[in-house]
Amino acid sequence: QVRLVESGGGLVQAGGSLRLSCTASGRTFRRYAWFRQAPGKEREFVAVITWSVGSRTYADSVKGRFTISRDNAKNTVYLQMNSLRPEDTAVYYCAAGGFGGNHPRDFDSWGQGTQVTVSS
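Here goes a summary of the coordinates provided. (Residues numbered from 1 in each chain as written. Predicted model: local features only at pLDDT ≥ 70, side-chain atom pairs only at ≥ 80, totals over all residues. Heavy atoms only, no water.)

Here we look at the sheet that holds strand 1 (residues 3-7)
Alright, step 1. Spatially, four strands are ordered 1-3-8-7 in an open sheet, and the strand pairing comes out antiparallel. Strands with a single pairing partner mark the edges of an open sheet, and in this sheet they are strand 1 and strand 7 (66-71). Each neighbouring strand pair of the sheet contributes to a mean axis angle of 15°, computed without reference to strand direction.
Alright, step 2. Pairing analysis gives five bridges linking strand 1 to strand 3 (residues 18-25), with the strands arranged antiparallel. Bridging across to strand 3, arginine 3 finds its partner in serine 25. (Pairing = 2+ DSSP bridges. Helix = DSSP H or I, 4+ residues; strand = E, 2+ residues; numbered from the N terminus. Axes fitted to C-alpha atoms, helices over the stretch in contact; angles between N-to-C directions.)

Notes on the environment of threonine 117
Alright, step 1. Its location among the elements puts threonine 117 in strand 11 (residues 114-119).
Alright, step 2. Residues threonine 117 and valine 91 lie 26 residues apart in sequence; the distance between their C-alpha atoms is 8.5 Å.
Alright, step 3. Setting aside residues up to four positions removed in sequence, threonine 117 forms contacts with Gly10, Leu11, Val12 and Thr89.
Alright, step 4. One polar contact links threonine 117 to glutamine 115, side chain to side chain, over a distance of 3.3 Å. (Contact = heavy atoms within 4.5 Å. Polar contact = N/O pair within 3.5 Å; in protein donor to acceptor, adjacent residues only side chain to side chain.)

Right, dumping it as structure tokens:
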């Protein structure tokens, strides 16, 4: 059984930083990603990393501010978020999947989400 558990969300002022963690159990997938969803909006791709190689891709909205990484020994994926803005406020989800694109449908397993709130 595959399980992804996010942690590290919280309330932060604009310009601040947070680090999200996603601990994975079960089978190892090829790719691990972060998505986010704000109220009334579609789920949005944030970043993706390959488990074995560590290649990374970011959404334009977070390039230069967010960093996705993984610790293979700890079975954990991280999202370091710097220079946070109020528009970054959303529930952040960890996802895992195989070959494909960066649409939510391209990922097979999802965590429960963790709330990130950025105040002005």
